[in-house]
Amino acid sequence: MDDLLVGGVNDDEHLRNLEAVFQQFQKYGLRVKLPKCVFMAPSVIYFGLRFSERGIQPTDEKVKAIRDAPTPSKVTELRSFLGMLAALSNFIPKLSTLAHPRIHLTNYWATNHGSGRQIVIKPSVISNTH
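Note that the structure is predicted; figures quoted are calculated from it, not measured. (Residues numbered from 1 in each chain as written. Predicted model: local features only at pLDDT ≥ 70, side-chain atom pairs only at ≥ 80, totals over all residues. Heavy atoms only, no water.)

J.: Any details on the nonpolar core? Residues and values, ideally.
T.: In terms of nonpolar packing, the biggest core is built from 10 residues, these being Leu-49, Ile-66, Leu-78, Phe-81, Leu-82, Leu-85, Leu-88, Leu-95, Ala-99 and Leu-105. At the level of elements, α3 (75-87) and α4 (95-113) are the ones that each hand at least two residues to this core. In terms of residue count, α3 provides more of this core than any other element does, four residues in total. Each residue touching Leu-95, except ones within four places of it in the same chain, is listed here: Leu-85, Ala-86 and Ser-89. (Core = buried A, V, L, I, M, F, W, Y, C linked by side-chain atoms within 4.5 Å. Buried < 20%, exposed > 50% of the residue type's maximum accessible area, 1.4 Å probe, protein only. Helix = DSSP H or I, 4+ residues; strand = E, 2+ residues; numbered from the N terminus. Contact = heavy atoms within 4.5 Å.)

Structure follows, in structure tokens:
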């Protein structure tokens, strides 16, 4: 086991949850390396998401990476950009509706022209406004 996040709605619940986890560790002979542990942290960043009392949110770095991403000009770049969006799909309202034409474009090109060839995509194809 590599990473384990344990939380609670308040400090008391958090401590009870930690105790239950450590009891299971003890029961099954598992150990932790204390220098790698963080206890009672107000927030934790894990897989590009911030877990805190406010819930789960994307990190500022992930949002900035999407905002600052260059406009894709090739199908492979568009696929990469769509993958970045998919990683944060829970935080982007109507993503499937917005992304559908772009996904259709990448699937169409791969089906009809093979994945080895490149296509130049005009910015108007990517934009939501025409």
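J.: Please set out the packing of aromatic side chains residue by residue, giving values where relevant.
T.: Under the definition given, this model contains three aromatic pairs. Their ring planes at 45° and their centres at 6.2 Å tell us that Phe-22 and Phe-39 sit as a pair that is tilted. Remark: Phe-39 occurs in the loop between α1 (11-27) and β1 (43-46) and Phe-22 occurs in helix α1; sequence separation between them is 17 residues. On the basis of relative accessible area, Phe-22 is assigned to the partly exposed category, the value being 33%. (Phe/Tyr/Trp six-rings, centres within 6.5 Å; stacked < 30°, edge-to-face > 60°.)

J.: Describe the pattern of salt bridges, listing the residues and the values that go with them.
T.: Pairing of side chains with opposite charge becomes possible as their charged atoms draw close. In total, this model carries one salt bridge according to the counting rule given. Measuring nitrogen to oxygen at the nearest pair gives 2.4 Å for the salt bridge that ties Lys-64 to Asp-68. The class for Asp-68 is partly exposed, based on a relative accessible area of 48%. (Salt bridge = Lys/Arg side-chain N within 4 Å of Asp/Glu carboxyl O.)

On their own, these measurements won't tell you what the molecule is for.
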